[in-house]
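# Results of the structural survey
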Amino acid sequence: GVDPSEALRRGHVGLVNQGATCYMNATLQVLFLVPAFRDGILAAEPAPRAERSPILAEVQATFAFLRDGLARSYDPLPLVTASEALPLTFAATQQNDAAEFLALLSDNLEEALRGSRHASLLRSCFGGTLVQQVVWEEPPPTPGGAPVRKVSEREQSFLQIELD
């Protein structure tokens, strides 16, 4: 026979919209579908009570339900409420920019994971290095010689790339 709970787990779980939180729901669904990030968030140990991030705890709860939920949808109201602590342009229940939410959420999660064995989770899943390179040629050092090729490089770590 078919175990109904197992059949439900094979499908995707939706997130209930709390007014105009589609920016948040879409971002969370995309992050959840990155296996290394999802597994890292779910495995992250909570900080001591006084330092615990309500946003990390609610992202963990949301991801756990998306992974294990036995219903077709999950109401992320506790996460939306916790997200009021982020300096979003508008209230968390109003439409915000998904890229802005991702940047603020990433900063919050990075801070919450600092000092834990998952401190590099966001950088390992989404980070990289930009290399700015300037290449030029200088005149030959001796008459009749070949020009001298010079290269200057500057590396910069990133977590997100702005697309204009």
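Remember, predicted model here, so these are calculated numbers, not experimental data. (Residues numbered from 1 in each chain as written. Predicted model: local features only at pLDDT ≥ 70, side-chain atom pairs only at ≥ 80, totals over all residues. Heavy atoms only, no water.)

## Quick word on the overall build of the chain
If you tally the helices and strands in the chain, you get seven helices and four strands. Going from the N terminus to the C terminus, the chain shows its helices and strands as α-β-α-α-α-β-α-α-α-β-β. On C-alpha atoms alone, the chain measures out to a radius of gyration of 22 Å, which is more than a quarter above the 15 Å that the 2.2 N^0.38 rule sets for 164 residues. Projected onto its principal axes, the C-alpha coordinates of the chain cover approximately 85 × 45 × 35 Å. In the chain, which comprises 164 residues, the share counted as buried stands at 30%. Accessible surface computed for the chain: about 10100 Å², of which carbon and sulfur atoms make up 55%. Between the averaged position of the 13 positive side-chain charges in the chain and that of its 20 negative side-chain charges there is a distance of 7 Å. (Helix = DSSP H or I, 4+ residues; strand = E, 2+ residues; numbered from the N terminus. Rg over C-alpha atoms; globule rule 2.2 N^0.38 Å. Buried < 20%, exposed > 50% of the residue type's maximum accessible area, 1.4 Å probe, protein only. Areas by Shrake-Rupley, 256 points an atom, 1.4 Å probe, with all protein chains shown as cover. Lys, Arg positive; Asp, Glu negative; His and termini not counted. Charge placed at Lys NZ, Arg CZ, Asp CG, Glu CD.)

## Observations regarding the environment of Val134
Counting through the fold element by element, Val134 comes out in strand E3 (residues 128-138). Residue Val134 is classed as partly exposed on the basis of its relative accessible area, which comes to 49%. Residues Val134 and Arg67, 67 residues apart in the sequence, show an inter-C-alpha distance of 47 Å. When neighbours within four sequence positions are excluded, Val134 is seen to be in contact with Lys150, Val151 and Ser152. (Contact = heavy atoms within 4.5 Å.)

## A look at the packing of helix H2 (residues 22-32) against helix H6 (residues 98-113)
For the pair H2 and H6, interaxial distance at closest approach is 9 Å and the crossing angle is 60°. What the angle tells us is that H2 and H6 run oblique. Crossing of H2 over H6 shows right-handed handedness. Residue-level contacts link Tyr23, Met24, Thr27, Leu28 and Leu31 of H2 to Ala98, Phe101, Leu102 and Leu105 of H6. (Axes fitted to C-alpha atoms, helices over the stretch in contact; angles between N-to-C directions. Parallel < 35°, antiparallel > 145°, perpendicular 65-115°, else oblique. Left-handed = near helix turned anticlockwise from the far one by under 90°.)

## Focus: the side chain of Thr21
Tracing the chain through its elements places Thr21 in the loop between strand E1 (14-15) and H2. A relative accessible area of 0% places Thr21 in the buried class. Those residues in contact with Thr21, other than ones at most four positions away along the chain, are Val16, Val80, Ala92 and Thr93.

## A word on helix H3 (residues 35-43)
Helical geometry note: an α-helix holds 3.6 residues per turn, so side chains three or four residues apart project in the same direction. Within H3 the residues assigned to the buried category are Phe37, Arg38, Gly40 and Ile41. Down the axis of H3, the buried side of the element spans an arc of 165°, and every buried residue falls inside it. (Arc of directions from axis to C-beta.)

## Some remarks on the packing of aromatic side chains
One pass over the full model with this rule turns up five aromatic pairs. Geometrically, the ring pair formed by Phe37 and Phe63 is edge-to-face, given 6.1 Å between the ring centres and 75° between the ring planes. Residue Phe37 is located in helix H3, and its partner Phe63 is located in helix H4 (residues 54-68); the two are separated by 26 residues in the primary sequence. An aromatic cluster is built from Phe32, Phe37, Phe63 and Phe126, whose rings are joined through pairwise contacts. Cation over ring: Arg38 sits above Phe32, and NZ or CZ is 5.0 Å from the ring centre. (Phe/Tyr/Trp six-rings, centres within 6.5 Å; stacked < 30°, edge-to-face > 60°. Lys NZ or Arg CZ within 6 Å of the ring centre and 35° of its normal.)

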